[in-house]
Amino acid sequence: ECFQECWAQDPGKRPTLEDLEMKLIPLCGQNFYTAMERRHMFANKQARLLQDVFPEHIAAALLAGKKVEPEDHACVTIYFSDIVGFTTISSKLSAQEVSQMLDRLYTAFDDLA
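Conventions we followed
Residues numbered from 1 in each chain as written. Predicted model: local features only at pLDDT ≥ 70, side-chain atom pairs only at ≥ 80, totals over all residues. Heavy atoms only, no water. Helix = DSSP H or I, 4+ residues; strand = E, 2+ residues; numbered from the N terminus. Rg over C-alpha atoms; globule rule 2.2 N^0.38 Å. Buried < 20%, exposed > 50% of the residue type's maximum accessible area, 1.4 Å probe, protein only. Contact = heavy atoms within 4.5 Å. Lys, Arg positive; Asp, Glu negative; His and termini not counted. Charge placed at Lys NZ, Arg CZ, Asp CG, Glu CD. Axes fitted to C-alpha atoms, helices over the stretch in contact; angles between N-to-C directions. Parallel < 35°, antiparallel > 145°, perpendicular 65-115°, else oblique. Left-handed = near helix turned anticlockwise from the far one by under 90°. Nonpolar A, V, L, I, M, F, W, Y, C, P; charged D, E, K, R; others polar. Patch = residues over 30% accessible without salt bridge, like charges linked within 9 Å, V, L, I, M, F, W, Y side chains within 5 Å. Areas by Shrake-Rupley, 256 points an atom, 1.4 Å probe, with all protein chains shown as cover. Salt bridge = Lys/Arg side-chain N within 4 Å of Asp/Glu carboxyl O. Arc of directions from axis to C-beta.

Concerning the overall build of the protein chain
The number of helices and strands found in the protein chain is 6 helices and 0 strands. Across the protein chain, helices and strands are ordered from the amino to the carboxyl terminus as α-α-α-α-α-α. Over its C-alpha atoms the protein chain spans a radius of gyration of 21 Å, topping by over 25% the 13 Å that the globule rule assigns to 113 residues. Seen along its three principal axes, the alpha-carbon backbone of the protein chain occupies a region of about 60 × 35 × 25 Å. Sorting the 113 residues of the protein chain into buried and exposed places 14% on the buried side. Partitioning the intrachain contacts of the protein chain with sequence separation of at least 6 by distance along the chain shows that 9% fall at a separation of at least 24. Of note, the protein chain has its 11 positive side-chain charges centred 7 Å away from the centre of its 17 negative side-chain charges.

Structural data, given as C-alpha coordinates:
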(Lines give C-alpha, C1' and ligand atoms only; values in the text may rest on other atoms or scores of the structure.)
Protein backbone atom coordinates (compact mmCIF):
# COMPACT_ATOMS: atom_id res chain seq x y z
CA GLU A 1 0.00 0.00 0.00
CA CYS A 2 2.78 2.44 0.92
CA PHE A 3 4.60 1.82 -2.37
CA GLN A 4 1.39 2.27 -4.35
CA GLU A 5 0.81 5.65 -2.71
CA CYS A 6 4.37 6.72 -3.57
CA TRP A 7 3.82 5.83 -7.23
CA ALA A 8 0.51 7.71 -7.54
CA GLN A 9 0.18 9.51 -10.87
CA ASP A 10 -1.06 12.65 -9.14
CA PRO A 11 1.85 14.11 -7.10
CA GLY A 12 -0.68 15.62 -4.68
CA LYS A 13 -1.80 12.11 -3.69
CA ARG A 14 1.74 10.95 -2.86
CA PRO A 15 2.71 10.87 0.83
CA THR A 16 5.09 13.46 2.21
CA LEU A 17 8.40 12.44 3.74
CA GLU A 18 6.89 12.96 7.18
CA ASP A 19 3.96 10.67 6.27
CA LEU A 20 6.40 7.97 5.15
CA GLU A 21 8.43 8.31 8.33
CA MET A 22 5.32 7.81 10.45
CA LYS A 23 4.43 4.67 8.48
CA LEU A 24 7.97 3.26 8.71
CA ILE A 25 8.56 3.85 12.43
CA PRO A 26 6.34 0.93 13.53
CA LEU A 27 8.02 -1.33 10.97
CA CYS A 28 11.61 -0.42 11.81
CA GLY A 29 11.43 0.36 15.51
CA GLN A 30 13.28 2.80 17.73
CA ASN A 31 16.49 2.90 15.64
CA PHE A 32 14.60 4.35 12.69
CA TYR A 33 12.88 6.88 14.94
CA THR A 34 16.22 7.94 16.44
CA ALA A 35 17.79 8.32 12.99
CA MET A 36 14.88 10.42 11.77
CA GLU A 37 15.01 12.56 14.90
CA ARG A 38 18.72 13.25 14.27
CA ARG A 39 18.00 14.06 10.63
CA HIS A 40 15.33 16.55 11.65
CA MET A 41 17.64 18.17 14.21
CA PHE A 42 20.40 18.54 11.59
CA ALA A 43 17.96 19.92 9.01
CA ASN A 44 16.62 22.46 11.52
CA LYS A 45 20.14 23.52 12.47
CA GLN A 46 21.06 23.90 8.79
CA ALA A 47 17.92 25.94 8.11
CA ARG A 48 18.59 28.26 11.07
CA LEU A 49 22.16 28.83 9.89
CA LEU A 50 21.04 29.72 6.35
CA GLN A 51 18.33 32.00 7.73
CA ASP A 52 20.89 33.75 9.96
CA VAL A 53 23.33 34.32 7.09
CA PHE A 54 21.14 35.09 4.08
CA PRO A 55 18.05 37.18 3.35
CA GLU A 56 14.85 35.21 3.81
CA HIS A 57 14.13 34.65 0.08
CA ILE A 58 17.67 33.37 -0.58
CA ALA A 59 17.63 31.05 2.44
CA ALA A 60 14.25 29.68 1.31
CA ALA A 61 15.55 29.02 -2.21
CA LEU A 62 18.68 27.29 -0.92
CA LEU A 63 16.66 25.12 1.45
CA ALA A 64 14.34 24.17 -1.41
CA GLY A 65 17.34 23.19 -3.54
CA LYS A 66 16.60 25.91 -6.08
CA LYS A 67 19.14 27.95 -8.00
CA VAL A 68 19.73 31.38 -6.50
CA GLU A 69 19.71 34.01 -9.21
CA PRO A 70 22.24 36.87 -8.96
CA GLU A 71 20.95 40.20 -7.68
CA ASP A 72 22.47 43.68 -7.87
CA HIS A 73 22.74 45.77 -4.71
CA ALA A 74 24.91 48.80 -4.04
CA CYS A 75 27.98 48.04 -1.92
CA VAL A 76 27.18 44.35 -1.40
CA THR A 77 28.75 41.20 -2.77
CA ILE A 78 27.73 37.64 -2.00
CA TYR A 79 29.99 35.20 -3.75
CA PHE A 80 29.52 31.43 -3.69
CA SER A 81 32.71 29.48 -4.25
CA ASP A 82 34.27 26.09 -3.70
CA ILE A 83 37.82 26.18 -2.38
CA VAL A 84 39.72 22.96 -3.05
CA GLY A 85 40.95 21.51 0.23
CA PHE A 86 38.99 24.02 2.34
CA THR A 87 37.66 21.42 4.79
CA THR A 88 41.15 20.06 5.47
CA ILE A 89 42.69 23.51 5.76
CA SER A 90 39.96 24.95 7.98
CA SER A 91 39.96 21.91 10.28
CA LYS A 92 43.50 22.85 11.32
CA LEU A 93 42.75 26.53 11.97
CA SER A 94 40.75 28.47 14.52
CA ALA A 95 37.59 30.25 13.42
CA GLN A 96 39.47 33.56 13.57
CA GLU A 97 42.27 32.21 11.36
CA VAL A 98 39.76 30.85 8.82
CA SER A 99 38.04 34.24 8.71
CA GLN A 100 41.35 36.04 8.21
CA MET A 101 42.41 33.59 5.48
CA LEU A 102 39.12 34.09 3.61
CA ASP A 103 39.38 37.85 4.01
CA ARG A 104 42.85 37.82 2.43
CA LEU A 105 41.67 35.55 -0.39
CA TYR A 106 38.62 37.59 -1.32
CA THR A 107 40.49 40.89 -0.94
CA ALA A 108 42.92 39.54 -3.54
CA PHE A 109 39.94 38.68 -5.80
CA ASP A 110 38.58 42.21 -5.34
CA ASP A 111 41.97 43.66 -6.29
CA LEU A 112 41.84 41.68 -9.56
CA ALA A 113 38.41 43.09 -10.48
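Structural notes on the packing of helix H2 (residues 17-28) against helix H3 (residues 30-53)
Look at H2 against H3: their axes get within 7 Å of each other, and the N-to-C directions meet at 150°. In terms of orientation, H2 and H3 fall into the roughly antiparallel class. From H2, Leu17, Glu18, Glu21, Leu24, Ile25 and Cys28 reach across to H3, where they touch Gln30, Phe32, Tyr33, Met36, Arg39 and His40.

Focus: the packing of H3 against helix H4 (residues 56-63)
Running from amino to carboxyl end, H3 crosses H4 at an angle of 150°, the nearest separation of the two axes being 8 Å. As H3 packs across H4, the resulting crossing turns out to be right-handed. Counted together, Ala47, Leu50 and Gln51 of H3 and Ala59, Leu62 and Leu63 of H4 form the full contact between these two elements. Taken together, the residues of the contact of H3 with H4 break down into 5 nonpolar, 1 polar and no charged.

Let's talk about the environment of Lys45
Of note, Lys45 is situated in helix H3. Counting along the chain gives 38 residues from Lys45 to Ile83, while the straight-line C-alpha distance between them is 23 Å.

Observations concerning a nonpolar patch on the surface
A contiguous nonpolar patch, built from Val76, Ile78 and Phe80 and spanning about 290 Å² of accessible area, is present on the exposed surface. The residue Phe80 is located in the loop between H4 and helix H5 (86-91) in this model. Owing to a relative accessible area of 48%, Phe80 belongs among the partly exposed residues under this scheme.

Topic: the environment of Arg104
Position of Arg104 among the secondary structure elements: in helix H6 (residues 95-112). Overall, the relative accessible area of 54% leaves Arg104 in the exposed class. In this structure the C-alpha to C-alpha distance between Arg104 and Ala60, which are 44 residues apart in sequence, comes to 30 Å.

As for H4
When we look at burial in H4, the residues that qualify are Ile58, Ala59 and Ala61. Each buried residue of H4 lies within a common arc of 160° when the element is viewed along its axis, so the set occupies one face. Of the residues trailing H4, Gly65 is marked for its positive phi of about 75°.

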